[in-house]
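# Structure assessment
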Amino acid sequence: MQQQQQRQHDELVLRMDVNIQPDANLTYEQAANILGQAARTSNQKPYWYTYIDKPGDGDMHVIFQVPSLSPFNVDGLRYLEPEHVYRVPIGPYELEVAETKYGFIPGSGEQHASRVRRKMRFSKGGVGAVVLVHYLQGPSCAIPPSYQNQPVRRYPLMQNTEPGIFCLGERTGQKVPNPNAQAGMMNGQISLQQQFGAGPRMPGVNPQLQQQNAAIAAQQAAMNMHRGGGAPAKPMQMYEDPEEEESDTVTQRDIATARFIRNHEFLADLFGPESAPKPQPIDESPEKISELEATLAKLNEEMETLQKKSLEFEATATHDLVQCSMSPTLAV
């Protein structure tokens, strides 16, 4: 049972809770537009650990994927073809597309595998950690009988109680309480009181959470010093309620995510398309051209004057050197 729960826990994905109208004919240009809007929305909306299970044609999901997180591969569909990656240039940007074909839902009665999953992100320009997952119909093939009723994950899926987390923007790393976790905590407290007569739980201090908050605050202060050059801003307190702090569960995946996304905004500033300064317009008016020509002529005159002085100095120095060599040596 514990191994099954751990496996389902690894299948969780950080997904933005945003409604996107399904579109089975989504173009790459439209996908790039959605990715850009999702990156901007990530500054105000958190991502939640959830499952993507048995999606329909045209469904789209915005997820946050970094190397420290488990890769998103399990979605309730079985694919008969391995995933392959290709890139699509779109103006100054470039999309990386991880595509898997010949998918189907086991046990659904489908006779042909024709579902396609595309995971798209910016590989040049934009925020590469924001991924758009799109499902559509593609070429089909017959489903082998041994795979028709073989599921890719165990059901039922466990209820997720992990808090949401901001992955971009000024609130990066800040967690948002999960309503399911609060409801489960209240039910658990009532059950304990009924069985054992336990009193209300006293708030405590979680050393692991304190260590995580201190690391995130230190990284935030370093980023503020690098950007502004002044005194670091007062770090944001992530957990203000002691009871809420103790109720949050921190896994190794949470700590790894917090370490990465604290520097992600800074990397986006360096390598994003907005980081390059816009070219200034050149004044090609006749007055400006005349002014530049006059300045150039004045500089040429000054260079000729300096060259003449340099030649005169060399001639004088050579003459003095010759005179010194011809004069008798003084006896000491």
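Residues numbered from 1 in each chain as written. Predicted model: local features only at pLDDT ≥ 70, side-chain atom pairs only at ≥ 80, totals over all residues. Heavy atoms only, no water.

## Regarding the pattern of salt bridges
One pass over the full model with this rule turns up twelve salt bridges. The residue E94 makes a salt bridge to R87 at a minimum N-O spacing of 3.7 Å. Notably, a salt bridge pairs R118 with E99, separated by 2.6 Å at the nearest N-O pair. Placement of the pair is R118 in strand β7 (residues 112-124) and E99 in strand β6 (residues 93-104), with a sequence separation of 19 residues. Comparing R118 with E99, the two get one shared label, buried. Here the residues in one salt-bridge network are D75, E83, R117 and K119, joined through shared partners. (Salt bridge = Lys/Arg side-chain N within 4 Å of Asp/Glu carboxyl O. Helix = DSSP H or I, 4+ residues; strand = E, 2+ residues; numbered from the N terminus. Buried < 20%, exposed > 50% of the residue type's maximum accessible area, 1.4 Å probe, protein only.)

## Description of the side chain of H134
Within the secondary structure layout, H134 lies in strand β8 (residues 130-142). By relative accessible area, H134 is classed as buried at 0%. When sequence neighbours within four positions are dropped, the list of residues in contact with H134 reads D23, A24, L26, G58, D59, M60, V116, R117, R118 and M120. (Contact = heavy atoms within 4.5 Å.)

## A short note on a negative patch on the surface
A contiguous patch of negative charge, built from D283, E284, E287 and E291, is present on the exposed surface. By secondary structure assignment, the location of D283 is in the loop between α7 (264-271) and α8 (286-326). With a relative accessible area of 46%, D283 lands in the partly exposed category. (Patch = residues over 30% accessible without salt bridge, like charges linked within 9 Å, V, L, I, M, F, W, Y side chains within 5 Å. Areas by Shrake-Rupley, 256 points an atom, 1.4 Å probe, with all protein chains shown as cover. Lys, Arg positive; Asp, Glu negative; His and termini not counted. Charge placed at Lys NZ, Arg CZ, Asp CG, Glu CD.)

## As for the packing of aromatic side chains
Summed over the entire model, instances satisfying the criterion amount to two aromatic pairs. Summarising the aromatic geometry, the rings of Y93 and F122 are spaced 5.4 Å apart at their centres and angled 45° between planes, so their arrangement reads as tilted. With Y93 in strand β6 and F122 in strand β7, this residue pair connects regions lying 29 residues apart in the sequence. Judged by relative accessible area, F122 falls into the buried class, the value being 8%. For the cation-ring pair, K54 lies above Y155, with the distance from its terminal atom to the ring centre recorded as 4.7 Å. In this structure, R78 packs its charged tip against the face of Y147, placed 5.4 Å from the ring centre. (Phe/Tyr/Trp six-rings, centres within 6.5 Å; stacked < 30°, edge-to-face > 60°. Lys NZ or Arg CZ within 6 Å of the ring centre and 35° of its normal.)

## Some words on unusual backbone geometry
With an omega dihedral of 0°, the bond running from Y155 to P156 counts as a cis peptide bond. The residue Y102 is not glycine, and still its phi comes out positive at about 60°. Of note, Y102 is situated in strand β6.

## A closer look at the pairing of β7
Looking at chain direction, β6 and β7 are connected through eight bridges and run antiparallel. Paired with G103 across the bridge in β7 is R115. Two successive antiparallel strands, β7 and β8, enclose a turn made up of five residues, where G125 displays a positive phi of approximately 80°. (Pairing = 2+ DSSP bridges.)

## Structural notes on the environment of S285
Structurally, S285 is set in the loop between α7 and α8. Taking relative accessible area as the criterion, S285 reaches 22% and is therefore assigned partly exposed. Within the local environment of S285, its side chain forms a polar contact with the side chain of D283, the two groups lying 3.0 Å apart. (Polar contact = N/O pair within 3.5 Å; in protein donor to acceptor, adjacent residues only side chain to side chain.)

## Topic: the nonpolar core
Ranked by size, the top nonpolar core spans 32 residues in total, and within it L14, Y47, F64, L95, V130 and L132 carry the most contacts. At the level of elements, β1 (13-16), α2 (28-41), β2 (47-50), β3 (60-64), β5 (84-90), β6, β7 and β8 are the ones that each hand at least two residues to this core. Counting residues per element, this core draws most heavily on α2, at six residues. The contact partners of Y47, leaving out residues within four places of it in the chain, are L14, R15, M16, A38, S42, V62, I63, F64, V130, G164, I165 and C167. The next biggest cluster of nonpolar side chains, apart from the first, holds ten residues, and it includes I63, F72, L77 and V133. (Core = buried A, V, L, I, M, F, W, Y, C linked by side-chain atoms within 4.5 Å.)

## Details of the pairing of β3
Of all five residues making up β3, five are buried, and the element is well covered by its neighbours. Side chains of β3 alternate between two faces, with M60, V62 and F64 and H61 and I63 buried alike. The pairing of β3 with β8 spans five bridges and is antiparallel. Each bridged residue has a counterpart across the sheet, and for V62 the counterpart in β8 is L132.

## Description of the confidence of the model for the chain
Summing up the model confidence of the chain, the mean pLDDT is 79 and the portion of residues at 70 or higher is 71%. Scored below 50 in pLDDT, residues 229-248 shows 39 contacts in the model against residues more than four places distant or in partner chains. (pLDDT = per-residue confidence, 0-100.)

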